[in-house]
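In case you want the letters, here they are:
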Amino acid sequence: MRVAIVGCGAVGSLFAANLAQLDDVEVWAFDLDRQHVEAINQHGLRLSGAGEVVGNVRATTNAGELPPGDFGIVATKCMHTPSAIAASAPAFANGAVCSVQNGVGNEEVLAEHVERVIRGTTFPAGRVIAPGHVQWDVKGDTTIGPFEPRPASVAEVERLADACTRAGMPTQAVADARGPQWRKLIFNAATNPIGALTRLTHGRVCEDAGLRRFVSELVDEGKAVAAAQGIELDADPEELIDHAARPDVAYDHKASMLQDVEARRPTEIDYMNGGIARFGREYGIPTPLNDAVTALIKGLEASWGQT
Amino acid sequence: MTDGVWVIGGGVIGSLFAAHLSRVAEVTLLCRRPEHAAAVAENGIRISGRADFVGRPEASIDPAGLADAGLVIVATKANDVEAAAAQLEGSLGAGTVMTVQNGLGAEQVVRSHGAWPQLSAVTFMSGTKLADDHVEYVLDTPTWLAPYEDARFDVAESTAALIVESGLKAEAMPDLEPARWSKLIFNATVNGVAALTGLPHDHHFAELERPTDLGHLVRGLMEEGTRIAGAAGISLREDPWEMNVLATQRGSRHYPSMLEDVEARRPTEVDFITGALVRAAERLGVGAPLLTAVYRLVKGREASYL
C-alpha cells in the first residue's frame, strides 16, 4: 500500500513518520518547504515528544514526482488545499484522498480534483521544530468516513483506518464522520478567534464571564447550523471547552489562531467561523456572531498589509 | 465670558482648544505632568495641518488659579474626568464647566463635585499629538454644545461664539442628545472595530461587497445603536452609517483613540462609549448582541495587557 502525505507540516509529519513504521506501507510526502524535504530525504522524518519515531519517508517539493498511490492524506493549512490538490491529484487517479485538516469545506475542494474523498478529523498535534524534525505534543484519535457527495468505499476507509491504527495513530472508520468534524469545528470557532482578538490564553478567556458567554453564543450558532444539516455531535463542545480551561489541561494554551496573529500569518478563519457562516447561509440559519468575528479577523489580517 | 479660560487635559482636543482660544482669551492649560507644562510655557503649542500658528496659553500643574476662571473646558479622557472634577471642587468659583468627552456620563461626574453651570459638548475635530507642544490638526469638524440641566442657553451661545472667534468650528444647540448619540453610535462602532482589527478608519469600514466584508459588521453595530437610541426616545441628528461612509471617503485614515490606546497598552474609553450603549440597551430591554460582543472583546484585549 502506498500513501502520499500532501502537506508535511506538524500533523502531516505525524501521519507520515508513523505510517512509515509499517512494512506494508510505502510513504511519500509532498511539501513546498525545500529544507524540510531535503532533511527528510537525508535523515528520515523524526518525531520526538509523545513518541520517539524516525520514519523512512520519500519527500518531494514536486508533486509530479509522486508515484500513483492508494491513498492521499491532505494536511495543509486550509487555504493551501486548492493548489496542493490541483498539483498532486494525478497521483490519486486510482486512489482515495482523505482530509485531516481543520475547519470545514476542505473535502469539497478535494472533490473538485479527485474521484473518491474521505472526510477526516484528527486530534493529535505538534510543531515543526527543525527541518525534518517534529515535536509531537499531543496524542489523540482520528475519525474518518466517506465524504458523501464523492465517497471512498467503506473497504477503502477501513483499510486506511487499519493502517493508521497499526502505525500508532488510533483511527476509527465510521459511516458518518461529520459529528466529530463539527464538534472540533465548533470548539475551535468558538475559542480561536476570541483568543486571537483579545490575545488571551484559553483559560483566561474562559474565566472572563463576559467572554465565556460570548463563547457559548458562538457555540450555539454552530450547533444550530450542525443540527440543520442533521449532524449529531459526538460530544458537547461546551464540556470540552471547560475541560480544556483547567490548569492541568490547556489553561495556558494560546489558540493556533492567536499564534498565527502574533506571527502575522494568514489564519484559517474562512474555514472555521467563515465555514459555519457559509453552511448557515446554505441552510437558512443566521450566524451573526460568527459573521462578526470572521469580519474582525479578516480586518486584522488586512491591517498587516498597511503601514 | 473672556475672564479667563482654563483647559484641563493637554491631549489632542485640550491642546487644540487651548492653542486656538489663547488667541482671543486668557487661557491656562492645566497639565498632569510638570514637563508637559514646562514645554508649553516655554514653546507655546504649535498647531500644524488645518491651521498653522503657535498658540501661547499659560500652562500649569496647579489648579489654585482656577478660582476666577469664567470657563473651564474639561478635555481629559473619560477615565480621568473624576480626577479633574475633584480638582475643581474647592478651586473653581462661579465659572461654567464644559465637558467634551466621548461617550456618556461626564456631566454627571462633574455635577457630583459642584453646582456650577455646565455645558455638554461633543467634538468632532481630531488631530495627532506629535509632541507635548505640537499638535497636527487633522479634521476641522465642529464642536456642538448645549446647556446641561438648568444652565442658560445664552451661555452656550456665547461660548460657541468665543470658540468660533478663536478659529475653530462650533455651534450651540438647545438639546445635545441627537448629536451626542449620533457620535456615540459612530464611536462605539468605529473605535471598537479599529481597536480589535488594528485598522485605521479606512475604506474597509464601508466595504459591503462580500458577505465577510467589514462594512456589514459596522452597519450591523450602527443599526443596533440606532435601535437603542430610538428606545431611549432620541432621534439622531445624523445617520451614523452615512457619517462612516463620508469619513472613509475623505480618505484621512483617522486612527481612532481606542486603537491608539490599545497599541500603547493604555486603558481605553470603551466603558464610556461601547459600554455605555450596552448598558443603555440592557436598561431599555433592547437586544445588542454585536455591540456586546465588541465591548467584551475590547475589555478582554485590555485585560491581556493591563
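Residues numbered from 1 in each chain as written. Chains lettered and ligands numbered in written order. Predicted model: local features only at pLDDT ≥ 70, side-chain atom pairs only at ≥ 80, totals over all residues.

## Comments concerning the confidence of the model for chain B
For any part of a model where pLDDT is low, the fine detail of the predicted coordinates should not be relied upon. What counts, and what does not: pLDDT expresses how confident the predictor is about each individual residue, on a scale running from 0 to 100.
For chain B, the mean per-residue pLDDT works out to 95, and 99% of the residues sit at or above 70. Both scores are available for the predicted complex, with the pTM at 0.89 and the ipTM at 0.89.

## Thoughts on the domain arrangement of chain B
Residues and elements named next belong to chain B. The cut-off we apply is this: In this document the domain limits rely on a domain assignment from an automatic tool or a database. With C-beta atoms placed from the backbone, a contact is any residue pair whose C-beta atoms sit within 7 Å. The nonpolar class holds Ala, Val, Leu, Ile, Met, Phe, Trp, Tyr, Cys and Pro. Asp, Glu, Lys and Arg form the charged class, and all remaining residues, Gly among them, are polar.
Domain boundaries assigned for chain B yield domain 1 (5–172) and domain 2 (177–305). Each of domain 1 and domain 2 has a C-alpha centre, and these two points are 25 Å apart. Opposite the 14 residues of domain 1 that make contact, domain 2 presents 12 residues. Tallied by class, the residues present in the side of domain 1 that touches domain 2 amount to 7 nonpolar, 6 polar and 1 charged.

## Topic: the domain arrangement of chain A
All names here are of chain A. The domain architecture assigned to chain A consists of domain 1 (2–173) and domain 2 (178–303). For domain 1 and domain 2, the distance between their C-alpha centres works out to 25 Å. Counting from both sides, the interface comprises 11 residues of domain 1 and, opposite them, 13 residues of domain 2. Among the residues making up the side of domain 1 that touches domain 2, the classes are represented as 3 nonpolar, 6 polar and 2 charged.

## Details of the packing of helix α6 (residues 178–198) of chain A against helix α9 (residues 237–244) of chain A
Residues and elements named next belong to chain A. Keep this limit in mind: To obtain each axis, a line is fitted to C-alpha atoms, and for helices this fit is confined to the stretch in contact; angles are then taken between N-to-C directions over 0 to 180 degrees. In this description a helix means any DSSP run of H or I spanning at least four residues, a strand means any run of E spanning at least two, and both kinds are numbered starting from the N terminus. For classification purposes, an angle smaller than 35 degrees is called roughly parallel, one larger than 145 roughly antiparallel, one from 65 to 115 roughly perpendicular, and anything else oblique. The sense of a crossing depends on the near helix, which, turned anticlockwise from the far helix by less than a right angle, makes the crossing left-handed and, turned clockwise, makes it right-handed.
Following both chains from N to C, one finds α6 and α9 inclined at 55°, their axes separated by 9 Å at the closest point. One finds that α6 runs oblique with respect to α9. Crossing geometry of α6 relative to α9 is assigned as right-handed. Taking contact as the criterion, the partners of R183, I186, F187, A190 and T191 in α6 are, on α9, P237, L240 and I241. Partitioned by chemical class, the residues of the contact of α6 with α9 number 6 nonpolar, 1 polar and 1 charged.

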